[in-house]
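Here's the letter readout for the chains.
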Amino acid sequence: MHAPLISIAVPIYNTARYLPAALDSLLAQDYPHWEGLLWDDGSSDGSGQIAAAYAARDARFRVLGEGCNRGNPAALAAALTQARGGFLGVLDSDDILEPIALSSMHAFLHAHPQLGMAYSQYVEINENGALLGPGTRCNTPYSARQLLVHFMTYQFRLIRRDAYLAVGGFNPMAAYAEDYDLCLRLSETCSIGHLPQPLYRYRIRHGSISQSSRLRQVQASYAAAQRALQRRGLDRSHVLSLGLRVRHQFRPKPATAAPETASVFGAGDPETEQCLRQSPPFDAATASPTRNWAEQVEERYRAFVADAHHRGLDARYDCALEIDSWHVLQSNRPFGGIRGLP
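Below, the structure is looked at part by part. Each chain has its residues counted from 1, following the order in which its sequence is written. Owing to the predicted nature of the model, reporting of local features is limited to residues with pLDDT of at least 70; listing and counting of side-chain atom pairs is limited to 80 or more, with chain, interface and lining totals taken over all residues. Based on all heavy atoms of the structure, the side-chain values leave hydrogens and waters out of the count.

What follows covers the overall build of the protein chain. By the criteria applied, helices consist of DSSP H or I runs no shorter than four residues and strands consist of E runs no shorter than two, each listed in order from the N terminus. Scanning the protein chain from N- to C-terminus turns up ten helices and eleven strands. Radius of gyration (C-alpha) of the protein chain: 22 Å, near the 20 Å computed for a compact globule of 342 residues. Taken along its principal axes, the extent of the C-alpha atoms in the protein chain is 70 × 55 × 35 Å. A 1.4 Å probe rolled over the protein chains alone gives each residue an accessible area, and that area as a share of the maximum for its type sets the label: buried under 20%, exposed over 50%, partly exposed in between. Put simply, the protein chain has 342 residues, and 47% of those count as buried. Contacts between residues were defined by any pair of non-hydrogen atoms, one from each residue, lying within 4.5 Å. Taking contacts inside the protein chain between residues at least 6 apart in sequence as the whole, the part at least 24 apart equals 78%. For the area figures, the Shrake-Rupley method with a 1.4 Å probe applies, and any residue is considered shielded solely by the protein chains shown. Summed over its atoms, the accessible surface of the protein chain is roughly 16,400 Å², and 53% of this surface lies on carbon and sulfur atoms. A radius of gyration in this sense is built from C-alpha atoms; the matching globule rule multiplies 2.2 Å by the number of residues raised to 0.38.

Our focus in this paragraph is the environment of Phe61. Relative to the assigned elements, Phe61 resides in strand β3 (residues 61-64). Residue Phe61 is classed as buried on the basis of its relative accessible area, which comes to 3%. Residues Phe61 and Trp34, spaced 27 residues apart in sequence, show a C-alpha to C-alpha distance of 8.9 Å. Setting aside its immediate chain neighbours within four residues, Phe61 contacts Leu23, Leu26, Leu27, Trp34, Gly36, Leu38, Tyr54 and Ala55.

Phe156 follows Gln155 through a cis peptide bond whose omega is 0 degrees. Looking at where Phe156 falls in the secondary structure, it is placed in the loop between β7 (131-134) and β8 (157-160). A positive phi angle, close to 55 degrees, is found at Asn14, a residue other than glycine. With respect to the helices and strands, Asn14 occurs in the loop between β1 (6-12) and α1 (19-27). For Tyr176, which is not a glycine, the phi torsion comes out positive at approximately 80 degrees. Here Tyr176 shows up in the loop between α5 (161-166) and α6 (178-187). Owing to a relative accessible area of 27%, Tyr176 belongs among the partly exposed residues under this scheme.

Moving on, we get to the packing of helix α8 (residues 214-231) against helix α10 (residues 293-310). Pairs of packed helices are described in terms of their axes, by the angle between the two and the distance that separates them. Where α8 contacts α10, the axes come no closer than 11 Å and their chain directions differ by 165 degrees. Taken as axis vectors, α8 and α10 run roughly antiparallel relative to one another. Here α8 and α10 pass one another in a crossing that is right-handed. On the side of α8, the interface is formed by Leu215, Val218 and Gln219, while α10 contributes Trp293, Ala294, Val297 and Glu298. When its residues are assigned to classes, the contact of α8 with α10 shows five nonpolar, one polar and one charged. Only C-alpha atoms enter the line fits that serve as axes; for helices the fit covers just the stretch in contact. Angles between N-to-C directions range over 0 to 180 degrees. Orientation categories follow fixed angle ranges, with anything under 35 degrees roughly parallel, anything over 145 roughly antiparallel, 65 to 115 roughly perpendicular, and all other angles oblique. Take the far helix as your reference; a near helix turned counterclockwise from it by less than a right angle gives a left-handed crossing, and one turned clockwise gives a right-handed crossing. We call Asp, Glu, Lys and Arg charged. Ala, Val, Leu, Ile, Met, Phe, Trp, Tyr, Cys and Pro are nonpolar, and the rest, Gly among them, are polar.

Classification of ring pairs uses Phe, Tyr and Trp, with its six-membered ring standing for Trp, and accepts pairs whose centres are within 6.5 Å; under 30 degrees between planes counts as stacked, over 60 as edge-to-face, and the remaining range as tilted. The tally for this structure, following the rule as stated, stands at 13 aromatic pairs. Aromatic side chains Tyr119 and Tyr142 sit 6.4 Å apart centroid to centroid with 65 degrees between the ring planes, which places their arrangement in the edge-to-face category. Linking Tyr119 in strand β6 (residues 115-125) with Tyr142 in the loop between β7 and β8, this pair joins segments that are 23 residues apart in sequence. Tyr142 gets classed as partly exposed once you look at its relative accessible area, which sits at 24%. Both rings, one in Phe156 and one in Tyr200, keep their centres 6.1 Å apart while their planes meet at 5 degrees; by these two values the pair is stacked. With Phe156 in the loop between β7 and β8 and Tyr200 in strand β9 (residues 191-203), the pair connects residues that are 44 residues apart, well separated along the chain. Classification of Tyr200 by relative accessible area gives buried; the value is 0%. In this structure an aromatic cluster arises from ring pairing among Tyr122, Phe151, Tyr154, Tyr180 and Tyr202. A ring has a charge above it when a Lys NZ or an Arg CZ is no more than 6 Å from the ring centre and no more than 35 degrees off the ring normal. One cation-aromatic arrangement involves Arg137 over Tyr154; the distance from NZ or CZ to the ring centre is 4.0 Å.

All we've got here are geometric facts, nothing functional implied.
In structure tokens, the structure reads:
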């Protein structure tokens, strides 16, 4: 009897620098029964040629896509329509699987047949592949309700094909939060389990979606949670709110920063401190309630960058915008609810 086939979708868009390491990590799996669905989403940096070379080298890779840019959720949805495996997963083209990732996740799901999806622990690495430390999202214990306020079902995930199809798969319209949206829908139809073992290396990149499009990601994640609240009928008794913390920062340019001060963001520099005081970041307590919060965040950040340029600080520093967000679920009781879950 053959072991089940595992289909791994690899959406690819201009990640030539990292793609070989991602595909090598599939080749290094100690579970050999997998297929790699390499969806080239219109790359212009040679990523498509790298994918084709791996497909020529190993028949378990298949290059897919029409050569146009459809966006990550549409690429994932399209790639997995061509999956032949009984288990489905995703490997981002700039990340890395541990060699035991597929065997460990398959064994876990086989031992727990009631689960429709399982997820593992992960570690974070930098652009050069150096270890930064363990990821923290999985520290929150899983529950379908907690998922409304904490995205703990993070990398790596393996989903039974039937469970994936039952919820309609990835939603091409859920850009910037397609993973979270899918996990929320799965949590409403099947059991989900956590394998507390680090099986995935998640790369932190300055140019990644999670950094360059953070505002849109926050909005999309909040919208996905709101849809889940409505599907579950909880909107009749609870309100979901979005918490935000926005910070303006200066980061010394690599060419001008000494190694021991490279992580000190403008500290002790009177000019940068004055610039930060003159251009305060978005604060929900003092912001306009009638204007879109994302517009206000961007407007204040542009003012901060313009002031830094006017002062000539951009010769020594890069401006940075950091956004932390969280969801708060409160009861609609007459005298207010309790922060967090009921």
